[in-house]
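Architecture and fold: a report
Spelled out from the first residue to the last, the chains are:
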There are 2 protein chains.
Amino acid sequence: MNKLYVVGIGPGEYEQMTLKAAKVLESCDVIAGYGVYVDLVKEHFPGKEFLTTPMRQEEKRCRMALEEAAKGKNVAMICSGDAGVYGMTGLIYELSGSYPGVDIEPVCGVSAVISGAAILGAPLIHDFAVISLSDLLTPWEKIEKRLLAASEADMVICLYNPSSMKRKDYLEKACRIMRTYKSPETICGITRNIGREGQSSCILSLEELEKNQVDMFSTVFIGNSQTMAIDGKMVTPRGYRYE
Amino acid sequence: MNKLYVVGIGPGEYEQMTLKAAKVLESCDVIAGYGVYVDLVKEHFPGKEFLTTPMRQEEKRCRMALEEAAKGKNVAMICSGDAGVYGMTGLIYELSGSYPGVDIEPVCGVSAVISGAAILGAPLIHDFAVISLSDLLTPWEKIEKRLLAASEADMVICLYNPSSMKRKDYLEKACRIMRTYKSPETICGITRNIGREGQSSCILSLEELEKNQVDMFSTVFIGNSQTMAIDGKMVTPRGYRYE
């Protein structure tokens, strides 16, 4: 059966890929994906056929990968982070009905919610919600409802796509919504360019986060009511009692 | 500076570890952790010093790792999945004040929310909440509130610790709570023994999930109102419009 692997390459550095992802990329004929991500892996897999499409051409990118696999090639479609977290795996399954005989296999990667948390310390030691602020494909009312619900239930929140050129004030809007239930002193964290050149991070309060400008390469974390700053790290306790 | 790496080894199979995790475990003197996880990696890292503690001795386990690092050894404390998702990274930071001179570095792994999703298909292509049903360290009222909030906001929900010997009816209780807002036809998925011997999964409705018995080695996914079953896979659409 023809194989289409949908591979999460992790945050960016080669070493943050799983052994299985590296092995699959090594074994396949074609590596397809968004140009920026293909560029991240290219040097490690010489001699492969690389297929790319620009941003916002997700359907085209998925069909291209499915077609190559249908032709009998071993294809890996790559995504940054994990392909199953806001990634291409979903659309590939949705389109797969038109490409019978292609066997789809997701290969896991470390998504930004996990790699960002590791840089900040340990924000995800208790229940959390992952919410994208992009309203390109989701009505803003739905995003707002989710921000409110997660805040009211005192969950840690991780924000994907917190900003873009056209949505410069979205993080500020989101912070105002979360402050309905979360204290302005809530410990928050920003990570930027995780696992890539220029990686940076900072810990700040929700009140400070509201005034902060972040870009589209950032992932943002908002703590729960128990989250602490310990020696510059963002730490959510699990609830262990210790001496 | 003395190093304590807190390493997520992924779901279980060696290949699902990141290249960095494998490199760190290769380079360290001591591998510490819960016995079951140490057994999973032992054969791949011969010649290391292995330190284990039984379940529920989390404080002891963390102090043991911190003490070994304080002595000047290179130590890796391992967790299954990712050490930052309900893992030991938090407690290690909380206890670290008593061990000055130990530099803590989290090394990411693929958590069950990601590895389970990949087995089921693509349930996490839109906003999701991760909630543990264990009330060992969390009051049940808080868990209930989070289940209600995430359901009302139509988020995909991933449940960790859905059951145990003493909590056989917790998943049933959780399903009843989620049904306040989620339709009984909501597409759900169960994964068991991810990346280990006897791995299994199934797709079913929320109504069927409520009647299902799962064990402590299971991770459970509840879809949002858009989640579909496509050819035996659980797929949440992102919202792309395609021909």
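The sections below set out a description of the structure shown in this document. Because the structure is a prediction, the values reported are computed rather than measured.

**Comments concerning helix α1 (residues 19-27) of chain B**
Taken together, the buried positions of α1(B) are occupied by B:Leu19, B:Lys20, B:Ala21, B:Ala22, B:Val24 and B:Leu25. Residues of α1(B) that are buried sit in contact with α1 (19-27) of chain A together with β1 (2-8), β2 (30-34), β4 (75-79) and β5 (102-107) of chain B.

**Remarks on the relation of the copies chain A and chain B**
Its rotation angle being 180°, the transformation that places chain A on chain B also includes 0.0 Å of axial translation and leaves an RMSD of 0.0 Å. In short, the pair behaves as if placed about a two-fold rotation axis. The overlap is high: 100% of the interface residues of chain A also sit at the interface in chain B, so the same surface is used on both sides.

**Remarks on the packing of helix α6 (residues 140-152) of chain B against helix α7 (residues 170-178) of chain B**
Residues and elements named next belong to chain B. Relative to each other, α6 and α7 sit at 40°, their axes nearing to 9 Å. The orientation of α6 with respect to α7, classified from their angle, is oblique. Between α6 and α7 lies a crossing whose hand is right-handed. The residues of α7 that touch α6, namely those facing Trp140, Glu144, Leu147, Leu148 and Ser151, are Tyr170, Lys173, Ala174, Ile177 and Met178. Grouping the constituent residues of the contact of α6 with α7 by class yields seven nonpolar, one polar and two charged.

**Digging into the nonpolar core**
If you look at the biggest cluster of nonpolar residues, it comprises 52 residues, and the most contacted ones within it are A:Leu159, A:Leu209, B:Leu159 and B:Leu209. With near-sequence residues (within four places) excluded, A:Leu159 lies in contact with A:Ile131, A:Leu133, A:Leu147, A:Leu171, A:Met178, A:Thr219, A:Val220 and A:Ile222. Among the nonpolar cores identified, the runner-up in size contains 42 residues, and A:Phe128, A:Val156, B:Tyr86 and B:Leu120 belong to it.

**Describing the interface of chain A and chain B**
Between chain A and chain B, the contact holds 68 residues from the first and 68 residues from the second. Carbon and sulfur atoms supply 61% of the area that chain A and chain B bury against each other, a total of about 6,300 Å² over both sides. Per-residue buried area on chain A facing chain B is highest for A:Leu19, A:Arg146 and A:Tyr240; these three make up 12% of the total on that side. Put simply, chain A and chain B have six salt bridges between them. A salt bridge links B:Asp154 to A:Lys142; its shortest N-O distance comes to 4.0 Å. Counting every contact that joins chain A to chain B gives 30 residue pairs in polar contact (both at pLDDT 80 or more). Residue contributions to the side of chain A that touches chain B peak at six residues, all from helix α4 (residues 89-95) of chain A. Residues that form the side of chain A that touches chain B fall into these classes: 33 nonpolar, 17 polar and 18 charged. Bridge count for strand β7 (residues 128-132) of chain A against strand β7 (residues 128-132) of chain B is three bridges, and the pairing is antiparallel.

**With respect to a nonpolar patch on the surface**
Residues and elements named next belong to chain A. Judged by side-chain polarity, Met55, Met216 and Phe217 come together as a nonpolar surface patch covering roughly 300 Å² of accessible area. Secondary-structure assignment places Phe217 in the loop between α8 (206-210) and β11 (218-222). Take Phe217: its relative accessible area is 45%, and that puts it in the partly exposed class.

**Topic: the packing of aromatic side chains**
All told, the structure shown has eight aromatic pairs over all chains when counted by the stated rule. Here the aromatic rings of A:Tyr34 and A:Tyr37 are separated by 5.2 Å at their centres, their planes lie at 80°, and the arrangement is edge-to-face. The exposure class assigned to A:Tyr34 is buried, which follows from its relative accessible area of 17%. Summarising the aromatic geometry, the rings of B:Tyr86 and B:Tyr160 are spaced 5.1 Å apart at their centres and angled 45° between planes, so their arrangement reads as tilted. Of this pair, B:Tyr86 sits in the loop between β4 and α4 (89-95) while B:Tyr160 sits in strand β8 (residues 156-160), placing them 74 residues apart in sequence. Like B:Tyr86, the residue B:Tyr160 is buried in the burial classification.

**A few points about the pattern of salt bridges**
Residue and element names in this part refer to chain A. Evaluated as defined, the whole model comprises 28 salt bridges over all chains. Between Asp103 and Lys3 there is a salt bridge whose closest N-O contact spans 3.0 Å. Of the two residues, Asp103 is situated in strand β5 (residues 102-107) and Lys3 in strand β1 (residues 2-8); the sequence distance between them amounts to 100 residues. The class for Asp103 is partly exposed, based on a relative accessible area of 28%. Close ionic contact of Glu68 with Lys71 constitutes a salt bridge, the shortest N to O distance being 2.8 Å.

About the thresholds
- Residues numbered from 1 in each chain as written.
- Chains lettered and ligands numbered in written order.
- Predicted model: local features only at pLDDT ≥ 70, side-chain atom pairs only at ≥ 80, totals over all residues.
- Heavy atoms only, no water.
- Buried < 20%, exposed > 50% of the residue type's maximum accessible area, 1.4 Å probe, protein only.
- Helix = DSSP H or I, 4+ residues; strand = E, 2+ residues; numbered from the N terminus.
- Contact = heavy atoms within 4.5 Å.
- Least-squares fit on C-alpha atoms with pLDDT ≥ 70 in both.
- Axes fitted to C-alpha atoms, helices over the stretch in contact; angles between N-to-C directions.
- Parallel < 35°, antiparallel > 145°, perpendicular 65-115°, else oblique.
- Left-handed = near helix turned anticlockwise from the far one by under 90°.
- Nonpolar A, V, L, I, M, F, W, Y, C, P; charged D, E, K, R; others polar.
- Core = buried A, V, L, I, M, F, W, Y, C linked by side-chain atoms within 4.5 Å.
- Buried area = accessible area lost by both parts, 1.4 Å probe.
- Salt bridge = Lys/Arg side-chain N within 4 Å of Asp/Glu carboxyl O.
- Polar contact = N/O pair within 3.5 Å; in protein donor to acceptor, adjacent residues only side chain to side chain.
- Pairing = 2+ DSSP bridges.
- Patch = residues over 30% accessible without salt bridge, like charges linked within 9 Å, V, L, I, M, F, W, Y side chains within 5 Å.
- Areas by Shrake-Rupley, 256 points an atom, 1.4 Å probe, with all protein chains shown as cover.
- Phe/Tyr/Trp six-rings, centres within 6.5 Å; stacked < 30°, edge-to-face > 60°.

Scope: geometric values only; no functional claims are made or implied.
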